[in-house]
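So the chains spell out like this:
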Amino acid sequence: MVNPRDVSDSDVDSLARTSRSLVWALRRFGEREAGLSAMPNSEIEVLRAVAERPGSSISEIARALDLQNSNVSTTVSRLVDRGLLERRADPNDGRSHRIHQTDLARRNNALIDATWARGIRDLLTTLSPEEAHTLIEAAPLLARLGSMPKNY
């Protein structure tokens with residue numbers, strides 16, 4: 001285990017910048033290469049939250065994303081209008097709704113996943129076997145980095 005005192009500020013800054021660039025590049029690569037129109041980040045985040053927690057309420061999505069209910073409600077409305085999300089009446093409370101992905105959203109996600117897999121496969125063929133192995137072995141660490149907001 002690395003002692004945090006042994007990690008320089010420049011190393012942390014470099015990892016943070018690289019991670020941010022990677023997130024943006026992967027988002028735009030998936031949309032562009034899959035032939036989908038670019039989406040605002042707020043819509044991407046709400047879609048991701050609903051995919052991870054199907055049947056969430058607006059307030060549950062807002063809490064998960066640390067956003068205001070009104071902002072999430074507006075974003076959900078735009079995504080409903082675009083046919084990517086649907087509101088279903090809550091079976092336990094007829095006054096509220098649960099948010100679910102539509103078949104179109106699931107198809108788009110599958111298309112982006114397949115596009116990323118092709119892109120990663122193509123990239124791996126340009127790397128040395130050692131580099132490819134290192135990148136593949138880093139996947140669990142990248143997943144932990146992706147869960148960072150939940151851990152601090």
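Residues numbered from 1 in each chain as written. Predicted model: local features only at pLDDT ≥ 70, side-chain atom pairs only at ≥ 80, totals over all residues. Heavy atoms only, no water.

Asker: Even after reading the chapter, I still don't get the overall build of the protein chain, so can you show me in this structure?
Answerer: Secondary structure summary: the protein chain contains 8 helices and 2 strands in total. Counting helices and strands in the order they occur from the N terminus, the protein chain gives α-α-α-α-β-β-α-α-α-α. Over its C-alpha atoms, taken along the principal directions, the protein chain stretches across nearly 55 × 40 × 25 Å. By residue count, 24% of the 152 residues in the protein chain fall in the buried class. Within the protein chain, counting contacts between residues at least 6 apart in sequence, those at least 24 apart form 44% of the total. Entry remark: accessible area of the protein chain is about 10,800 Å², with carbon and sulfur atoms responsible for 56%. Taking the average place of the 21 positive charges on the side chains of the protein chain and the average place of its 21 negative ones, the gap between the two points comes to 5 Å. (Helix = DSSP H or I, 4+ residues; strand = E, 2+ residues; numbered from the N terminus. Buried < 20%, exposed > 50% of the residue type's maximum accessible area, 1.4 Å probe, protein only. Contact = heavy atoms within 4.5 Å. Areas by Shrake-Rupley, 256 points an atom, 1.4 Å probe, with all protein chains shown as cover. Lys, Arg positive; Asp, Glu negative; His and termini not counted. Charge placed at Lys NZ, Arg CZ, Asp CG, Glu CD.)

Asker: Can you walk me through the packing of helix 1 (residues 9-33) against helix 2 (residues 41-52) in this structure?
Answerer: A pair of packed helices can be characterised by two numbers: the angle between their axes and the separation between those axes. The interhelical angle for the contact between helix 1 and helix 2, taken along N-to-C directions, is 85°, at an axis separation of 13 Å. Classed by the angle they form, the pair helix 1 and helix 2 counts as roughly perpendicular. Contacts from Trp24, Arg27, Arg28 and Glu31 in helix 1 reach Asn41, Ile44 and Glu45 in helix 2. Residue composition of the contact of helix 1 with helix 2, grouped by class: 2 nonpolar, 1 polar and 4 charged. (Axes fitted to C-alpha atoms, helices over the stretch in contact; angles between N-to-C directions. Parallel < 35°, antiparallel > 145°, perpendicular 65-115°, else oblique. Nonpolar A, V, L, I, M, F, W, Y, C, P; charged D, E, K, R; others polar.)

Asker: Please clarify how the pairing of strand 2 (residues 93-101) should be interpreted in this entry.
Answerer: Consecutive side chains along a regular strand alternate between the two faces of the sheet. The pairing of strand 1 (residues 85-90) with strand 2 spans 6 bridges and is antiparallel. Its bridge partner lying in strand 2, Arg87 is registered against Ile99. Once strand 1 ends, the chain turns through 2 residues before running back antiparallel as strand 2. (Pairing = 2+ DSSP bridges.)

Asker: What is the right way to look at a nonpolar patch on the surface in this model?
Answerer: On the surface, Leu15, Leu123, Leu135, Leu142, Leu145 and Met148 cluster together into a nonpolar patch covering about 510 Å² of accessible area. With respect to the element layout, Leu145 can be found in helix 7 (residues 139-146). Overall, Leu145 belongs to the partly exposed group, its relative accessible area being 32%. (Patch = residues over 30% accessible without salt bridge, like charges linked within 9 Å, V, L, I, M, F, W, Y side chains within 5 Å. Salt bridge = Lys/Arg side-chain N within 4 Å of Asp/Glu carboxyl O.)

Asker: I'm lost on the environment of Leu22 in this one. Help?
Answerer: Mapped onto the secondary structure, Leu22 falls in helix 1. Taking the relative accessible area as the measure of exposure, Leu22 reaches 40% and is therefore partly exposed. Separated by 29 residues in the primary sequence, Leu22 and Ala51 have C-alpha atoms spaced 21 Å apart.

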